[in-house]
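# Structure at a glance
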Amino acid sequence: MLANFRLTMTWIHTWFGLVLGYVLMACFFFGSLAVFDREIDRWAIPDTRFAPQPMPSYDNMMRFMFEDMLPHPSDMAATANRVKGALPAPEAMPMQTLYAFTTHRDPVLRVGAEFGIPNEPLNGSDEHEHVHGWGTLDPRSGKLLAEGSLRIGSEWFYPLHYNLNLHWGLVGYFLVGLAGFIMMVALVTGVIMHRKIFREFFTFRPAKKTQRSTLDLHNMTGVIALPFHFFFAFTGVLIFAASIFYPVSGFYLTKLHDHHEAIESQRTGLPLKPAGIAAPLASVDAMMEEAKRIWAARDMAGEVGYLRVEHLGDRNSYVSIYRAGSDRVIYEGTGIHFNGSTGAVILEDPPASTVGNISSYLMSLHLQHFEHWPLRWLYVLGGLLGCVCIATGFIFFVEKRKRRHAEYNNYGCRVVDALAVTAVTGMVIAAVAMLVANRLLPVDIADKGQWEVRVFWGAWGLALVHAALRSGPVANARINPAWKEQCLVLAALAVAAPVLNGWTTGDHLIQTLFVEPFWPVAGLDLCLLGCAAVSLWAARKLSLADQSELRVKPTLEGVDYGRG
Amino acid sequence: MNPVSKPIPSSMSGKPEQRSGRSTAGAIAAVLLRVVLAVLGCYVFSWFFAAAGLAALCLAGVDFHDAEKTMMMLAPLVYLGMFLWAFADRSLARVCILIVVGSIILAWVARALENLQLG
């Protein structure tokens, strides 16, 4: 497109990187937080600060909880808009499917069910003929946790990194998917642009001009973690490829898909449809024991991670029991499927094919269900290096152009810089403000989680407004003071959060580190304090840099920048 | 020397090259068309590439899920290669024709191979 190949690649890198970099910042940062999502949940919901538990008894505990479970009001409302006629009363809907899910890091379980409805869908191609119910089970009491509290880690930060928590069709997924794709593009074009890839491993000149040292840091963080960045962008796209980005079998080759599904159903013996004849469920505990015995016999002893019952209450019901993926990279489940009414094994999942193994190895490395704490921390480090790489990309863009833009009265740099402030310090402020709000809001307030979400977006919005209002100096080729000011706000918030945690729950650092060690909470408190220290250091560096820019200002005099 | 007045070569400014005989508006339109072709056109191309590949692998006797997983791993990489080529190729007309015609052919091949297996 441009004069030569390398300039074209540079153009792609600059402009696509700039536009989608803001989305990528959120993906990398909240993806890094998602590595410890369960631990953040423990911090945010003090009632669940206890050790992870294995899958509890179905016959003696979960059965009674499922008997009381009803369709969720929010899904009732959503379904009512999709079907003809009025829905039956929630109590009258038969439960058809149920599930329970836990991991080696979960003290509480996710449970849920699907309830059948007689209504016809408005859209003929809509095959979704049920309403969902869900909850969080405390396996100590067998009771569901109170509604309204938000698991900030696994229900807010984690989905934010793959759909931005935008619930407007699939827009969030596609934005993140495009951003992930552009990350791959930026890495390939970045390597083509620079060529001296080996030298950039070792090049960082912090004492040079901001523009030079920013570019060094951009290249260094990009190159050091290049395989990590490419891998996570690629596998992130891969995880949603079949369901969202390339739903070929669901939307185009549907007949071929249904044909193979029918063949497979015959081969596996797992009934696709209920028989219409009522039958009770045999002991699920016995099935879980049998599944564990079969895994042990296959030399892969393990705990139950996921339990699912299909066609509940029907003669065709079957129970699928999957392994927790704590001890190996591939999270394949190795399901054992039982006839629900007789309790006999219908099917043992065969070992995966080569292609299946490659594909799930790639995705499992991203999803990280296995237990490996040092690697977990390396993931955080890699994610944060990605953030540094993207953020320095923004700063380099601004540094390279701000003098020229100042001369021509061009607002481009001001806008990019203000958005960069919002995407860097603003984003961290939003996350930490949410944690502070979590500790300040009264425990018994209805929809407490919704208020935390409002604080999150509110803080982020304020950071944007602040960065834009304070962006004047960028028009004079100087640093936006919002960088420093937001660093100071962040430091204050990041100290306030652990202090409030200690004050409201009694789990201060002395308690969680020494008296009764509880790493999920202690770890987050320490990270917050570390974040405060880095923010203060950054604020101090920014003050020094601004002063030194003021000292060289005489050389810039004589040009009217049109202050604005 | 005043650093502000330093001239910046146009090739470094990130603005698309303006060819002689073409208006600025035309150049911008050409860049926009290329962006649309690269982002959407190449995506559609890789989508039908996945479909055609899935149908072809099934016909060759590969298990349906294995075929699907293979194509899911290849499709984003095909998108990546096509995307970079859509910018690198000097001829916008060629990019346009190859993406549009290629997508139609792949969609047709996928459907034809599907019918072959079901018929």
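Residues numbered from 1 in each chain as written. Chains lettered and ligands numbered in written order. Predicted model: local features only at pLDDT ≥ 70, side-chain atom pairs only at ≥ 80, totals over all residues.

The next thing to look at is the overall build of chain A. Within chain A, the regular secondary structure consists of 20 helices and eight strands. Its C-alpha atoms give chain A a radius of gyration of 27 Å, within 12% of the compact-globule value 24 Å for 564 residues. Dimensions of chain A, computed from the C-alpha atoms along their principal axes, are close to 90 × 60 × 55 Å. Split into buried and exposed, the 564 residues of chain A put 42% on the buried side. (Helix = DSSP H or I, 4+ residues; strand = E, 2+ residues; numbered from the N terminus. Rg over C-alpha atoms; globule rule 2.2 N^0.38 Å. Buried ≥ 20, exposed ≤ 12 C-beta atoms within 10 Å, placed from the backbone.)

Bringing the overall build of chain B into the picture now. When you go through chain B residue by residue, the secondary structure sums to three helices and zero strands. Its helices and strands in sequence order give chain B the pattern α-α-α, from N to C terminus. For chain B, restricting intrachain contacts to residue pairs at least 6 apart in sequence, the fraction spanning at least 24 positions comes to 75%. (Contact = placed C-beta atoms within 7 Å.)

Time to look at the pairing of strand β6 (residues 318-323) of chain A. Residue and element names in this part refer to chain A. Of all the six residues making up β6, six are buried; the element is thus mostly covered by neighbouring parts of the structure. Here strand β5 (residues 304-310) pairs with β6 via six bridges, running antiparallel. Bridged to Arg 308 within β6 is Ser 320. By the bridge criterion, four bridges tie β6 to strand β7 (residues 336-339) in an arrangement that is antiparallel. By the bridge assignment, Tyr 318 is partnered in β7 with Asn 339. (Pairing = 2+ DSSP bridges.)

Listed per partner, the contact involves 38 residues of chain A and 35 residues of chain B. If one sorts the elements of the side of chain A that touches chain B by residue count, helix α1 (residues 5-34) of chain A sits on top with seven residues. Here the side of chain A that touches chain B is built from residues that sort into 26 nonpolar, eight polar and four charged. (Nonpolar A, V, L, I, M, F, W, Y, C, P; charged D, E, K, R; others polar.)

Residue and element names in this part refer to chain A. Here eight strands make up an open sheet; going across it, the order is β4-β3-β2-β1-β5-β6-β7-β8 and the pairing antiparallel. Looking at strand neighbours, the two that pair on one side only are β4 (143-144) and β8 (345-348), the edges of this open sheet. Across the sheet, helix α13 (residues 284-297) touches β5, β6, β7 and β8, and the angle it forms with β6 is around 45°. (Axes fitted to C-alpha atoms, helices over the stretch in contact; angles between N-to-C directions.)

Right, let's talk about the pairing of strand β3 (residues 130-138) of chain A for a bit. Residues and elements named next belong to chain A. Alignment of strand β2 (residues 109-116) against β3, held across eight bridges, turns out to be antiparallel. Looking at β3, one finds that Phe 115 is bridged to Val 131. As paired elements, β3 and β4 share two bridges and run antiparallel to each other. From the neighbouring strand, Leu 137 faces β4, where its bridge partner is Leu 144. Counting the residues between successive antiparallel strands, the hairpin from β3 to β4 contains four residues, one of them, Gly 142, with a positive phi of roughly 80°.

Bringing the environment of Ile244(A) into the picture now. Residue and element names in this part refer to chain A. Within the secondary structure, Ile 244 is located in helix α10 (residues 241-245). The exposure class assigned to Ile 244 is partly exposed, which follows from the 17 C-beta atoms found within 10 Å. Non-local contacts of Ile 244, meaning those with residues more than four positions away in its chain, are made with Leu 170 and Tyr 173.

Right, let's talk about helix α18 (residues 481-505) of chain A for a bit. Along its 25 residues, α18(A) runs 36 Å from first to last C-alpha, staying within 8% of the 36 Å computed at 1.5 Å per residue. Gly506(A) lies just past α18(A) and shows a positive phi near 80°. (Expected span 1.5 Å × (residues − 1).)

All names here are of chain A. Of note in this structure, Asn 165 is not a glycine but carries a positive phi near 55°. Turning to its location among the elements, Asn 165 is positioned in the loop between α5 (152-163) and α6 (171-194). Phi angles above zero are rare outside glycine, and Thr 334 is one such case at about 45°. The residue Thr 334 is located in the loop between β6 and β7 in this model. Judged by the 20 C-beta atoms lying within 10 Å of it, Thr 334 falls in the buried class.

Formed by 141 residues in total, the largest nonpolar core has its most connected members in Met25(A), Val432(A) and Ala51(B). Here the element with the most residues in this core is helix α16 (residues 412-440) of chain A; it accounts for 19 residues. Not counting the four nearest positions on each side in its chain, Ala51(B) is found in contact with Val248(A), Tyr252(A), Leu253(A), Leu106(B), Ala107(B) and Ala110(B). Grouped together as the second largest cluster of nonpolar side chains are 32 residues, Met69(A), Leu137(A), Leu307(A) and Tyr318(A) included. (Core = buried A, V, L, I, M, F, W, Y, C linked by C-beta atoms within 7 Å.)

Time to look at helix α2 (residues 37-44) of chain A. Burial of α2(A) is extensive: eight of the eight residues sit out of reach of the surface. Taken residue by residue, α2(A) has Asp37(A), Arg38(A), Glu39(A), Ile40(A), Asp41(A), Arg42(A), Trp43(A) and Ala44(A) as its buried positions.

All names here are of chain A. Interaxial distance between α1 and helix α15 (residues 373-408) falls to 9 Å at its minimum, and their mutual angle equals 150°. Judged on the interaxial angle alone, α15 and α1 are roughly antiparallel. Crossing of α1 against α15: the hand is left-handed. The segment α1 lies against α15, with Thr 14, Gly 17, Leu 18, Gly 21, Leu 24, Met 25, Phe 28, Phe 29, Gly 31 and Ser 32 engaging Val 380, Gly 383, Leu 384, Gly 386, Cys 387, Ile 390, Ala 391, Gly 393, Phe 394 and Phe 397. For the contact of α1 with α15, the residue count by class is twelve nonpolar, eight polar and no charged. (Parallel < 35°, antiparallel > 145°, perpendicular 65-115°, else oblique. Left-handed = near helix turned anticlockwise from the far one by under 90°.)

All names here are of chain B. Summary statistics for chain B give a mean pLDDT of 86 and a share of 82% for residues scoring 70 or more. The low-confidence segment residues 1-20, where pLDDT is below 50, has 22 contacts with residues more than four positions distant or belonging to other chains. Scored by ipTM, the complex comes to 0.89, with pTM at 0.90. (pLDDT = per-residue confidence, 0-100.)

Quick look at the environment of Leu509(A) now. All names here are of chain A. Among the structural elements, Leu 509 can be located in helix α19 (residues 509-515). Here Leu 509 falls in the partly exposed class, since 16 other C-beta atoms lie within 10 Å of it. Taking the C-alpha atoms as reference points, Leu 509 and Met 363, separated by 146 residues in sequence, lie 36 Å from one another. Once residues lying within four places of it in the same chain are set aside, the contact partners of Leu 509 are Pro 498, Gly 502, Ala 522 and Asp 525.

Residue and element names in this part refer to chain A. Checked against the element boundaries, Arg 212 lands in helix α8 (residues 210-224). The exposure class assigned to Arg 212 is partly exposed, which follows from the 14 C-beta atoms found within 10 Å. Between the alpha carbons of Arg 212 and Pro 73 there is a distance of 56 Å; along the sequence they are 139 residues apart.

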